[in-house]
Amino acid sequence: AAEAPASRADVVPRRWTLHGLNNGGVFRATWHSVRLLPKPVSYAIGDLCTWVASRALTTTHGAIVDNLRAIFPGDADAALEQRARMTLRSYTRDTVDFINALSYEPAQARALFDLPPECIPRFEAVRARGRGALLVTGHFGNWELGSVLLTRALNFPLTIVAMAEEIGRAHG
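Just so you know, these numbers come straight off a predicted model, no measurement behind them. Chains are numbered independently. Their residues run from 1 in the order of the written sequence. Totals for whole chains, interfaces and linings use every residue, but because this is a predicted model, local features are given only for residues with pLDDT of at least 70 and side-chain atom pairs only at 80 or more, for both listing and counting. The basis for the side-chain values is all heavy atoms of the structure; hydrogens and waters are excluded.

### What to know about the nonpolar core
Phase 1 of the analysis: Throughout this description, the term nonpolar core refers to a set of buried Ala, Val, Leu, Ile, Met, Phe, Trp, Tyr and Cys residues connected via side-chain atoms within 4.5 Å. Burial classes: relative accessible area under 20% of the type maximum marks a residue as buried, over 50% as exposed, and values in between as partly exposed (1.4 Å probe, protein chains only). Of all hydrophobic cores here, the largest spans 14 residues; its most connected members are Ala 109, Val 148 and Leu 154.
Phase 2 of the analysis: Here a strand is any run of E in DSSP of at least two residues, a helix any run of H or I of at least four, and the numbering for each starts at the N terminus. Elements that contribute at least two residues to this core include exactly helix H5 (77-101) and helix H8 (144-153).
Phase 3 of the analysis: Pairs of residues are marked as contacts when any of their non-hydrogen atoms sit within 4.5 Å. Every residue in contact with Ala 109, bar those within four places of it in the chain, is listed here: Tyr 104, Val 148, Arg 152 and Ala 153.
Phase 4 of the analysis: Grouped together as the second largest cluster of nonpolar side chains are six residues, Val 65, Leu 68, Leu 80 and Ala 84 included.

And the structure:
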């Protein structure tokens, strides 16, 4: 029988989140600048930062390429490099969209989503039971935007439970 890994770190092949940009100071600066600047300017700054990061953070970039290689095993290295840059760019734009959406009025927030007509009554039926609900999701895509859907667009209460970062300084 295969032996179970001793810890989560034994499962994660590369610790690509250990870099200077994954910290509270960078997030605070991003938060304040995005809330003050027009969205196209925030996107442009994010695109520039992504370009710099994809070249300066070689371990991070390499880990993203390795992760993508598992999904696209037939892709040439150049295609994987391009996908890695687009992944980082998408992440920065998702962050801009998320920060902006937190201040949207309910009608603006609802306009972000194309919900099938049966979705809202399902959420409302669960809420009407008065016992709460447990919605489980993986970290795939911009799951943070789901909190905008539930709290801003649909006016549902929400508590998020997430696994802590491996390193405490990511929140500092």
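On we go from here.
### Details of the side chain of Asn 100
Phase 1 of the analysis: Within the secondary structure layout, Asn 100 lies in helix H5.
Phase 2 of the analysis: Taking the relative accessible area as the measure of exposure, Asn 100 reaches 14% and is therefore buried.

### Looking at unusual backbone geometry
Phase 1 of the analysis: We note that Asn 155 has phi near 60°; this positive angle belongs to a residue other than glycine.
Phase 2 of the analysis: By secondary structure assignment, the location of Asn 155 is in the segment after H8.

### Looking at H5
Phase 1 of the analysis: An expected span of 1.5 Å times one less than the residue number is assigned to each helix. A rise of 1.5 Å per residue sets the reference length of H5, with its 25 residues, at 36 Å; its end C-alpha atoms lie 36 Å apart and thus fit the reference within 8%.
Phase 2 of the analysis: Within H5, the full set of buried residues consists of Leu 80, Ala 84, Leu 88, Thr 95, Val 96, Phe 98, Ile 99, Asn 100 and Ala 101.
Phase 3 of the analysis: In this fold, the buried residues of H5 make contact with helix H2 (24-36), helix H3 (39-56), helix H4 (58-71) and H8.

### Concerning a nonpolar patch on the surface
Phase 1 of the analysis: A cluster of nonpolar side chains, contributed by Leu 36, Leu 37, Val 41 and Ile 45, occupies part of the molecular surface with about 360 Å² of accessible area.
Phase 2 of the analysis: Mapping Leu 36 onto the fold places it in helix H2. Patches here are clusters of residues that have more than 30% relative accessible area and form no salt bridge, with a 9 Å joining cutoff for like charges and a 5 Å cutoff for nonpolar side chains (Val, Leu, Ile, Met, Phe, Trp, Tyr). Exposure was quantified through the Shrake-Rupley algorithm and a 1.4 Å probe, taking into account, for residues, occlusion by the shown protein chains and nothing else. A carboxyl oxygen of Asp or Glu within 4 Å of a side-chain nitrogen of Lys or Arg is what we treat as a salt bridge.

### Quick look at the packing of H3 against H5
Phase 1 of the analysis: Close contact between H3 and H5 brings their axes to 9 Å; oriented N to C, the two are set at 145°. With respect to the hand of their crossing, H3 and H5 are arranged in right-handed fashion. From H3, Lys 39, Ser 42, Tyr 43, Gly 46, Asp 47, Thr 50, Ser 54 and Arg 55 reach across to H5, where they touch Arg 85, Leu 88, Arg 89, Thr 92, Arg 93, Val 96, Asp 97 and Asn 100.
Phase 2 of the analysis: In this classification, Asp, Glu, Lys and Arg are treated as charged, Ala, Val, Leu, Ile, Met, Phe, Trp, Tyr, Cys and Pro as nonpolar, and every other residue, Gly included, as polar. Counted by class, the contact of H3 with H5 contains three nonpolar, six polar and seven charged residues. Between N-to-C directions, angles cover 0 to 180 degrees, with each direction set by a line fitted to C-alpha atoms, over the stretch in contact for helices. Crossings are sorted by hand: turned counterclockwise from the far helix by less than a right angle, the near helix makes the crossing left-handed, and turned clockwise it makes it right-handed.

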